[in-house]
Amino acid sequence: MLRKLSIVAFAAALVAAPLPVLAQSKKDSVVMAMTLEPPGLDPTNAAAAAIAEVTLYNIYETLTKINEDGSVSPLLAESWTASPDLKTYTFKLRKGVKFHNGEPFDSAAVKFSFERNAAPTSTNKDKSLFQAFEKVDAPDADTVAITVKYSEPNLPFLLGQASGSIVEPKSAATNVTQPVGTGPYQLGAWAKGSSITLTKWAGYRNASAIKLSKVTIRFISDPAAQAAALLSGDVDAFPRIATRVVAQFKSDPRFTVLIGGSRAKTIVAINHRKKPLDDVRVRRAILAAIDRKALIDGAVEGFGTPIGSFYTPGSLGYVDTTGINPYDPEKAKKLLTEAGVTTPIELSLKLPPPPYARQGGEIVAAQLAKVGIVAKIENVEWAQWLSQVFAPNGPHNFDLTIVSHVEPFDLVKVTEPDYYLGYNNEKFNALYKEIVSTPEEAARAKLLGDAQRMLATDAVSAYLFQPQWPTVINKKLKGVWKEVPQFENDFSAWAWE
């Protein structure tokens, strides 16, 4: 409470001061801020969403583009067709496109990118998708045919994600620090720990349509500092700003506040590899101890919708599973007793930097303590979280953690044997295979409902909420998305009024 009051007092002092000129000293540049700094700038080799926030559609491009409303349109592919069984897709590529280093974009680059993503040594977050490609054919320079092992109606969408970025073969190995793509921007500078500068690429195929010649991206993790940077005019836009500071901007005429929906799932992930968390009764006890509504109100100021499984409202086949594991502290205590757990029991709770995790972690720990589970909080930086908790074949050194999975179609991740949860349920894996081999939409929707119920019944994770993402921008800045179908900032659409 004291911290919240200090934030409000600090912001009020800034508002009372003379209003500064907001940060558009040049009409062809913008300063954006984001909470986390990306660990690198190759979206095909790491899972951090912050990479896509900087690079997707800016430095790198994909065959398809995911639009604000979730629809898919052509990008590096001019068009595509699908076979009736939705297993083979043929893409016609845009001609005359070049990479930043002057190399031509063609079917060979697409084939290289996708086969690289599927390689045994790949660390692509969607490696399983690319490994499901039976073959990638390049019959000529302007055509790519992808044959998938199963029916995949969402392939055009999936290939518009950052993991599907097309890289140039000769420069791919150094993309982490020296990214080369086909997008309208190039890396101008990277001051580690502070900011990244993107500069407009004069060689872009449609350079005249790009209004911003420079984009500076600052990294500000502290909520009070986020608000201060906007109020002082140092920052023009803050997508996915900390929810606790949003209210003060709603009545400020200098700003526009956008509240966008998402397909993200914020969860308390449970490590099934650790005892006694391999016991479903213990996992159900954890879920029964958590009051979703209180957590949503306390951690994200109400910017969320409760969920009961690894799936969100609005998606094909969604069913409400929040009633499978309702808030019931007394039931939680009984389940722990049935499982033979002597309380108090101590579990680690590793929290990455985002405010929803740090604030949510304090609330979860307090709720778990009431049923005899002592959650020992350990705050870790993002790079530590990725390597210690999330990385495939990593140590998975955690009991509990809080994270928001932002990808729309990621049920497949639960089937991966090296996924950080360690669920590894053959019944669920078989059900998922049935889902992807069912092209008919109504039948697939029913199976998706079965999958959601299975994950909820097995208490695979404590599924908390579908977040709403607030964005605060200078009112004269246009083209910034309200909705968040995935984490991206498409600077090609941004412009000053």
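Quick caveat: nothing in here was measured; it's all calculated off a predicted structure.

Now for the domain arrangement of the protein. Domain boundaries assigned for the protein yield domain 1 (61–166) and domain 2 (265–468). Just the C-alpha atoms count here: the centres of domain 1 and domain 2 sit 31 Å apart. If you look at the interface, domain 1 gives 12 residues, while domain 2 gives 9 residues. Where domain 1 abuts domain 2, roughly 940 Å² becomes buried across the two surfaces, and 57% of that area is made up of carbon and sulfur atoms.

Let us now look at the pattern of salt bridges. For the structure shown, the criterion picks out 23 salt bridges. The partner of Asp410 in a salt bridge is Lys265, with the nearest N and O atoms 2.8 Å apart. Of this pair, Asp410 sits in the loop between strand S17 (400–405) and helix H13 (426–436) while Lys265 sits in strand S13 (residues 265–270), and the two are 145 residues apart along the sequence. Note that Lys274 is salt-bridged to Asp399, the shortest N-O span being 3.6 Å. Placement of Lys274 in the loop between S13 and helix H8 (280–289) and of Asp399 in the loop between helix H12 (382–390) and S17 is noted, with a sequence separation of 125 residues between them. Classification of Lys274 by relative accessible area gives partly exposed; the value is 28%.

In space, the 6 strands of this open sheet follow the order S14-S18-S13-S17-S15-S16, with mixed pairing throughout. Both outer strands of the open sheet, strand S14 (304–306) and strand S16 (373–379), are each paired with one neighbouring strand and no more. Ignoring which end each strand starts from, the neighbouring axes of this sheet average 30 degrees apart. In terms of strand pairing, S13 meets strand S18 (residues 461–467) through 4 bridges, oriented antiparallel. Bridge pairing in S18 places Ile267 opposite Tyr463.

Before going further, it helps to examine the UniProt feature "domain: Solute-binding protein family" (unreviewed entry) in the protein. In the numbering used here, UniProt assigns the feature "domain: Solute-binding protein family" (unreviewed entry) to residues 72–389. The straight-line gap between the two end C-alpha atoms of residues 72–389 is 33 Å; of that span, 27% is helix and 25% is strand.

Per-residue pLDDT for the protein averages 93, and the proportion of residues at 70 or more is 95%. Across residues 1–21, confidence stays below pLDDT 50; counting only partners more than four residues off in sequence or on other chains, it has 21 contacts.

Now for helix H3 (residues 107–118). Relative to the 16 Å expected for 12 residues at 1.5 Å per residue, H3 spans 17 Å between its end C-alpha atoms, a close match to the ideal helical length. Along H3, the positions that sit buried rather than exposed are Ser107, Ala109, Val110, Ser113, Phe114, Asn117 and Ala118. In an axial view of H3, the angular spread of the buried residues amounts to 165 degrees, which keeps them on one side of the axis. Packed against the buried residues of H3 are strand S5 (88–93), helix H4 (127–131), strand S6 (133–140) and strand S7 (143–148). Between the side-chain oxygen of the N-cap and the backbone nitrogen of Ala108 there are 3.1 Å, and the N-cap of H3 in question is Asp106.

Before going further, it helps to spend a moment on the packing of aromatic side chains. Under the defined criterion, the tally for this structure stands at 20 aromatic pairs. Note on Tyr89 and Phe91: the rings are 6.4 Å apart at their centroids and 20 degrees apart in plane angle, and the pair reads as stacked. You'll find Tyr89 and Phe91 in the same group, each marked buried. A cation sits over an aromatic face here: Lys265 above Phe310, 4.9 Å from the ring centre.

Attention shifts here to the nonpolar core. Grouped together as the largest cluster of nonpolar side chains are 128 residues, with contacts concentrated most on Leu63, Phe114, Phe133, Ile146 and Tyr420. With 6 residues, the single largest contributor to this core is H8. There are two domains that each give this core at least three residues, and those are domain 1 (61–166) and domain 2 (265–468). If sequence neighbours within four positions are ignored, Leu63 has contacts with Pro74, Leu75, Leu76, Ala77, Phe91, Leu93, Phe105, Val110, Phe114, Leu159 and Ile166.

A separate point is the layout of surface pockets. Using a probe with the size of a water molecule, rolled over the atoms, empty space left in the structure can be pinpointed. Of the voids in this model, the second largest pocket is the one considered here, and its volume is about 470 Å³. Lining the second largest pocket are 30 residues, with Glu152, Asn154, Phe409, Tyr432 and Arg444 sitting closest to its centre. Elements represented by at least two residues in the lining of the second largest pocket include exactly H4, H13 and helix H14 (441–457). Looking at the lining of the second largest pocket residue by residue, the classes come out as 16 nonpolar, 4 polar and 10 charged. Structurally, the lining of the second largest pocket is a two-domain feature, drawing no fewer than three residues from each of domain 1 (61–166) and domain 2 (265–468).

This paragraph deals with the pairing of S16. In this sheet, S16 lies alongside strand S15 (residues 345–351) in parallel orientation, the contact comprising 7 bridges. From the neighbouring strand, Leu351 faces S16, where its bridge partner is Asn379. For the handedness criterion, the β-α-β arrangement of S15, helix H11 (residues 355–369) and S16 is classed as right-handed.

Glancing now at empty space enclosed by the protein. All told, the structure shown has 4 cavities of 30 Å³ or more when counted by the stated rule. For the largest cavity, the calculated volume is near 140 Å³. Along its surface, the largest cavity is lined by 16 residues, and Ala49, Ala52, Lys125, Ala162 and Glu407 are the ones closest to its centre. Grouping the constituent residues of the lining of the largest cavity by class yields 11 nonpolar, 3 polar and 2 charged. A domain split of the lining of the largest cavity shows at least three residues from each of domain 1 (61–166) and domain 2 (265–468). As a volume, the second largest cavity reaches approximately 90 Å³.

At their nearest, the axes of H8 and helix H10 (residues 329–338) sit 8 Å apart, and the two run at 165 degrees to each other. The angle between the axes of H8 and H10 places the two elements in the roughly antiparallel class. Of the two elements, H8 crosses H10, and the hand of that crossing is left-handed. Two secondary-structure elements touch here, H8 through Arg281, Val282, Arg284, Ala285, Ala288 and Ala289 and H10 through Pro329, Ala332, Leu335, Leu336 and Glu338. Among the residues forming the contact of H8 with H10, the class breakdown is 8 nonpolar, no polar and 3 charged.

Residues of H13 that are buried: Phe428, Asn429, Leu431, Tyr432, Ile435 and Val436. All buried residues of H13 lie within an arc of 160 degrees about the axis, which places them on one face of the element. Those residues of H13 that are exposed and aimed more than 90 degrees away from the buried face are Glu426, Lys427 and Lys433. Contacts from the buried residues of H13 go to H14. Looking at where H13 begins, the residue whose side-chain oxygen comes 2.8 Å from the main-chain nitrogen of Lys427 is Asn425.

Cut-offs applied
Residues numbered from 1 in each chain as written. Predicted model: local features only at pLDDT ≥ 70, side-chain atom pairs only at ≥ 80, totals over all residues. Heavy atoms only, no water. Domains from an automatic or database assignment. Contact = heavy atoms within 4.5 Å. Buried area = accessible area lost by both parts, 1.4 Å probe. Salt bridge = Lys/Arg side-chain N within 4 Å of Asp/Glu carboxyl O. Helix = DSSP H or I, 4+ residues; strand = E, 2+ residues; numbered from the N terminus. Buried < 20%, exposed > 50% of the residue type's maximum accessible area, 1.4 Å probe, protein only. Pairing = 2+ DSSP bridges. Axes fitted to C-alpha atoms, helices over the stretch in contact; angles between N-to-C directions. UniProt positions renumbered as here; feature names shortened; annotations may be inferred. pLDDT = per-residue confidence, 0-100. Expected span 1.5 Å × (residues − 1). Arc of directions from axis to C-beta. Polar contact = N/O pair within 3.5 Å; in protein donor to acceptor, adjacent residues only side chain to side chain. Phe/Tyr/Trp six-rings, centres within 6.5 Å; stacked < 30°, edge-to-face > 60°. Lys NZ or Arg CZ within 6 Å of the ring centre and 35° of its normal. Core = buried A, V, L, I, M, F, W, Y, C linked by side-chain atoms within 4.5 Å. 1 Å grid on protein atoms, 1.4 Å probe; cavity = no way out; pocket = protein on both sides within 12 Å on 5 of 7 lines; lining within 4 Å. Points joined across faces, edges and corners; volume = space filled by probe spheres on them. Nonpolar A, V, L, I, M, F, W, Y, C, P; charged D, E, K, R; others polar. Right-handed = clockwise from strand over helix to strand, strands pointing away. Parallel < 35°, antiparallel > 145°, perpendicular 65-115°, else oblique. Left-handed = near helix turned anticlockwise from the far one by under 90°.

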